[in-house]
Amino acid sequence: MDLSNARAIVTGGASGLGAATAELFRQRGAQVTVLDRDEAGQAAANAIGAHFARTDVTDEASVAAAIALAVERMGGIDICVNCAGVATAGKTLGREGPLALDSFRRVIEINLIGSFNVLRLAAAEMAKNGREENGVIVNTASVAAFDGQAGQAAYAASKAAIAGMNLPIARDLARNNIRICAIAPGIFGTPMLRGLPQEVQDSLAAEVTNPKRLGDPAEYARLAAFIVENGYMNGETIRIDGALRMR
Ligand SMILES: NC(=O)c1ccc[n+]([C@@H]2O[C@H](COP(=O)([O-])OP(=O)(O)OC[C@H]3O[C@@H](n4cnc5c(N)ncnc54)[C@H](O)[C@@H]3O)[C@@H](O)[C@H]2O)c1
């Protein structure tokens, strides 16, 4: 799919990987609507000439309204990139006792169910395009889907499910001419990570095989663009991690 004529929605586009993706897609000529629960998404969207819809991806009505707004503003949807997510940590059995079930549920709700909620409604719009290639969906997993660390039971489960539903969704949407891939990032320098003390960031960077640094959100964005532009990419989860394997 040619990005220069495309109409994209990007969830989590107020910050980090989503913001970098929205920016690159705009640079390549696509129309973009940023969906984020954070009002900061408005300024982020304004800065790159994108539209903004304040959205909670876990809420059916909120996402339906955001999709309707995106269709009204852009005339349809060709691309859906899901970057909205949270990385709440908590040990299964911590010093305070068992992990609160609500905390586990919340991570699954946002990272997994939120992504599915957005992509199912976006797919319904893409299916109306009536072309040989109606749409492309890019979900965000994590290397934690494969080598999650202590305290990441909920996060790793949510991301493993993103990887797990990739192929069945690719099969479901084949008759609608819609492709889907997931990106599994290693450690990227986004607000999610930049909030950590510098020595923690340095020790994380030292874990990366090569290059020994955090990933640049623009590198994630270029992979998202590659998936959109390469019509034979489908049903795959792609690691982008400098060969990092979490201990
Ligand atoms: N940064 C990394 O190293 C890294 C590594 C692997 C995977 N990821 C994944 O990439 C995605 C983006 O991460 P990031 O580092 O850019 O994080 P970030 O915190 O910078 O951005 C996440 C965005 O999602 C939004 N969001 C959260 N919950 C939402 C909801 N319910 N509805 C709508 N928007 C919501 C936030 O407001 C925020 O703007 C996440 O799914 C994260 O798990 C990040």
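So, here's what we can say about the structure. The model shown is predicted, which means the values in this text are computed figures rather than measured ones.

1. With respect to the overall build of the protein chain
Within the protein chain, the secondary structure is distributed over 9 helices and 9 strands. Compactness check: the protein chain gives a C-alpha radius of gyration of 17 Å against a globular reference of 18 Å for 247 residues, within 12% of the reference. With respect to the principal axes defined by its C-alpha atoms, the protein chain has extents near 55 × 35 × 35 Å. Across the 247 residues in the protein chain, those meeting the buried criterion constitute 53%. Excluding contacts between residues fewer than 6 apart, the proportion of contacts in the protein chain whose partners are at least 24 apart in sequence is 72%. Of the accessible surface of the protein chain, which amounts to about 11,300 Å², a share of 52% is contributed by carbon and sulfur atoms. Each charge sign in the protein chain was given a centre, from 24 positive and 26 negative side chains, and these centres are 3 Å apart.

2. Quick notes on the environment of Leu3
Topologically, Leu3 is positioned in the segment before β1 (7–11). As a C-alpha pair, Leu3 and Asp78 span 75 residues in sequence and 9.4 Å in three-dimensional space. Apart from the residues lying within four places of it in its own chain, the contact partners of Leu3 are Phe25, Arg28, Gly29, Ala30, Ile79, Ala225, Val228 and Glu229.

3. Overview of the side chain of Asn134
Checked against the element boundaries, Asn134 lands in the loop between α4 (101–126) and β7 (135–140). Side-chain polar atoms of Asn134 contact the backbone nitrogen of Arg131, separated by 2.6 Å. Apart from residues lying up to four places away in sequence, Asn134 is in contact with Met1, Ile77, Asp78, Met126, Ala127, Asn129, Asn176, Asn177 and Ile178.

Basis of the calculations
- Residues numbered from 1 in each chain as written.
- Predicted model: local features only at pLDDT ≥ 70, side-chain atom pairs only at ≥ 80, totals over all residues.
- Heavy atoms only, no water.
- Helix = DSSP H or I, 4+ residues; strand = E, 2+ residues; numbered from the N terminus.
- Rg over C-alpha atoms; globule rule 2.2 N^0.38 Å.
- Buried < 20%, exposed > 50% of the residue type's maximum accessible area, 1.4 Å probe, protein only.
- Contact = heavy atoms within 4.5 Å.
- Areas by Shrake-Rupley, 256 points an atom, 1.4 Å probe, with all protein chains shown as cover.
- Lys, Arg positive; Asp, Glu negative; His and termini not counted.
- Charge placed at Lys NZ, Arg CZ, Asp CG, Glu CD.
- Polar contact = N/O pair within 3.5 Å; in protein donor to acceptor, adjacent residues only side chain to side chain.

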